[in-house]
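Residues per chain, in single letters:
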Amino acid sequence: MSEDVLTSLAATIRARRADTAEKSYTRQLLDGGPKRCAKKLGEEATETIIAALSEDDAALRNEAADLLYHLLVLLEVRGVSIDDVLGVLAGRM
């Protein structure tokens, strides 16, 4: 199920490229290019670490979800497929 959710979300992010920036936060991120997407991913990683060390499980789940979303946006802006990343993980198993 998790892989399906990530693949579906990646497809939604890809589709957001056609949205107007006013309507889509994702499109605004994509328009900012890799530098903006990477910066936002770093911010989310920090928030995830803080949640892991000092907040409850619900906060950690929410921050982890934000982190995964922003990772998918960064992959999209760089043209890297989530399927390719999942393939790397599968190969490591």
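Residues numbered from 1 in each chain as written. Predicted model: local features only at pLDDT ≥ 70, side-chain atom pairs only at ≥ 80, totals over all residues. Heavy atoms only, no water.

1. Structural notes on the pattern of salt bridges
Here is step 1 of the chain: The full count for this structure, using the stated rule, is six salt bridges.
Here is step 2 of the chain: Between Asp 31 and Arg 27 there is a salt bridge whose closest N-O contact spans 2.9 Å. Separated by four residues within a single helix, Asp 31 and Arg 27 lie in helix α2 (residues 25-31), roughly one turn from each other.
Here is step 3 of the chain: Salt bridges linked by common partners bring Arg 14, Arg 17 and Glu 76 together as one network. (Salt bridge = Lys/Arg side-chain N within 4 Å of Asp/Glu carboxyl O. Helix = DSSP H or I, 4+ residues; strand = E, 2+ residues; numbered from the N terminus.)

2. Some details on the packing of aromatic side chains
Here is step 1 of the chain: Inspection of the entire model under this criterion finds one aromatic pair.
Here is step 2 of the chain: Centre to centre, the rings of Tyr 25 and Tyr 69 are 6.4 Å apart; their planes meet at 25°, and the pair counts as stacked. With a gap of 44 residues between them, Tyr 25 in helix α2 and Tyr 69 in helix α4 (residues 57-78) connect regions that are remote in the sequence.
Here is step 3 of the chain: The exposure class assigned to Tyr 25 is partly exposed, which follows from its relative accessible area of 38%.
Here is step 4 of the chain: Overall, Tyr 69 belongs to the buried group, its relative accessible area being 16%. (Phe/Tyr/Trp six-rings, centres within 6.5 Å; stacked < 30°, edge-to-face > 60°. Buried < 20%, exposed > 50% of the residue type's maximum accessible area, 1.4 Å probe, protein only.)

3. Re the environment of Val 73
Here is step 1 of the chain: With respect to the secondary-structure elements, Val 73 resides in helix α4.
Here is step 2 of the chain: Accessibility expressed as a relative area gives 1% for Val 73, which makes it buried.
Here is step 3 of the chain: Ignoring anything within four residues of it in the chain, the contact list for Val 73 reads Ile 13, Thr 26, Leu 29, Leu 30 and Cys 37. (Contact = heavy atoms within 4.5 Å.)

Just geometry here; none of it tells us what the structure is for.
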